Amino acid sequence: MYSRFGFRYWKEPGLWTGDSPVTRLESFVNAVNVAGFVMSGPEYISMVAGEAKNPRRTVPRAFNTIMSRLIVFFIGGALCVGILVPSNDSTLTNGSDTYAGASPYVISMRRLQIPVLPSIVNAALLTSIVSAGNAYTFNASRSLHALALDGQAPAFLRRLNKNGVPYMAVIAVMLLSCLAFLALGSGSSKVLSWILNFCTASQMLNWAIMSATWVRFNAAVKAQNVDRQSYLPVLSRWQPYAAYWALFWATIFLWVQGYAVFLKGNWSVATFIFNYGIIALAGGIGIVWKVVKGTRFHRSKEVDLASDCDFFDALTEHYRGEREAEGADSNTVKGRIMSKLF
């Protein structure tokens, strides 16, 4: 006898596990942590601008597709999994001691009782993991290389091979993968939780800093009477409200994402470090840099909004002339399809 799934699992056992408001709140915060972890990354598209052809044209087009992709793949995927898998599924939650538990996507496919689907999902997950690892290796190594060029990281990270790859920065980033060997000393579920918490805290800090940076940039634009319409090639939506919204919630969850460690019986030095260590690390580096280098905070009217703009203007004109010489094909069926996809 078959019956439809519907939203019955949202009522029994419920969206948030726990037998009290405190434990259900902890479940909610944990869900936000996981959501923050998996949703991070789209903002790193901006980092490829330095190596993209015609960045003022291609990067905004890439960003324009982000929201639809997030809605379809992340929010849509979470909705489907919530319909198919209850929060107390034994296969999902048996990662407390010895292993990290099975993927909810694989579990949901098994519940549909279609034999080939779990294997297809596993293949898709492995592909996405390799893609994500490649993207983050690129972003992290380029960030280290840029910091080294500005004198804010060790000089050996400036080294390039004959193909222009900052190989020392890549090696430094790849060494971090050795953290996976922590699973040899503890249960893999515990190690996965540590890494997830550290990455989530880092992402919340990243979003808070990005939002604060935009707020200060917006203040500088206003103070210097700069016309945003002519100054910026693309204007972001819902500003400045979106920046304040992101700054508020990123800051809040940066501090509360690990609050469970302070509850009675939950104290763990390792958990505390992985939840809040990034705040001390990043904050300490920033304070030491300001003190040692003697740098100061700039007023809104003093912020440099002009450096390197001439270069990008010239670059944009170069690519515009190149496209006109080659002949724009955006009016063809193929051109319109490629424009929508990429």
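Everything in this summary refers to the structure shown in the same document. (Residues numbered from 1 in each chain as written. Predicted model: local features only at pLDDT ≥ 70, side-chain atom pairs only at ≥ 80, totals over all residues. Heavy atoms only, no water.)

A word on the packing of helix α6 (residues 117-149) against helix α7 (residues 167-175). Where α6 contacts α7, the two axes come as close as 8 Å, and the packing angle between them is 125 degrees. Classified by the angle their axes make, α6 and α7 are oblique. You can see that α6 and α7 cross each other, and the crossing is right-handed. Residues T137, A140, S141, L144 and H145 of α6 pack against A169, V170, A172, V173 and M174 of α7. For the contact of α6 with α7, the class distribution of residues is seven nonpolar, three polar and no charged. (Axes fitted to C-alpha atoms, helices over the stretch in contact; angles between N-to-C directions. Helix = DSSP H or I, 4+ residues; strand = E, 2+ residues; numbered from the N terminus. Parallel < 35°, antiparallel > 145°, perpendicular 65-115°, else oblique. Left-handed = near helix turned anticlockwise from the far one by under 90°. Contact = heavy atoms within 4.5 Å. Nonpolar A, V, L, I, M, F, W, Y, C, P; charged D, E, K, R; others polar.)

V32, A201, M204, L205, F253, L254, Y276, I278 and I279 form the largest nonpolar core, which has nine residues in total. Those residues in contact with L205 that sit more than four places away from it in its chain are L254, I278 and A282. (Core = buried A, V, L, I, M, F, W, Y, C linked by side-chain atoms within 4.5 Å. Buried < 20%, exposed > 50% of the residue type's maximum accessible area, 1.4 Å probe, protein only.)

The next thing to look at is the pattern of salt bridges. Across all of its chains, the model carries one salt bridge by this definition. Close ionic contact of R296 with E302 constitutes a salt bridge, the shortest N to O distance being 3.1 Å. (Salt bridge = Lys/Arg side-chain N within 4 Å of Asp/Glu carboxyl O.)

So, on to unusual backbone geometry. Omega for the bond connecting Q239 with P240 falls within 30 degrees of zero, at 5 degrees, which places this linkage in the cis form. Secondary-structure assignment places P240 in the loop between α9 (228-231) and α10 (241-256). Here N225, not a glycine, exhibits a phi torsion of approximately 55 degrees, which is positive. Turning to its location among the elements, N225 is positioned in the loop between α8 (188-223) and α9.

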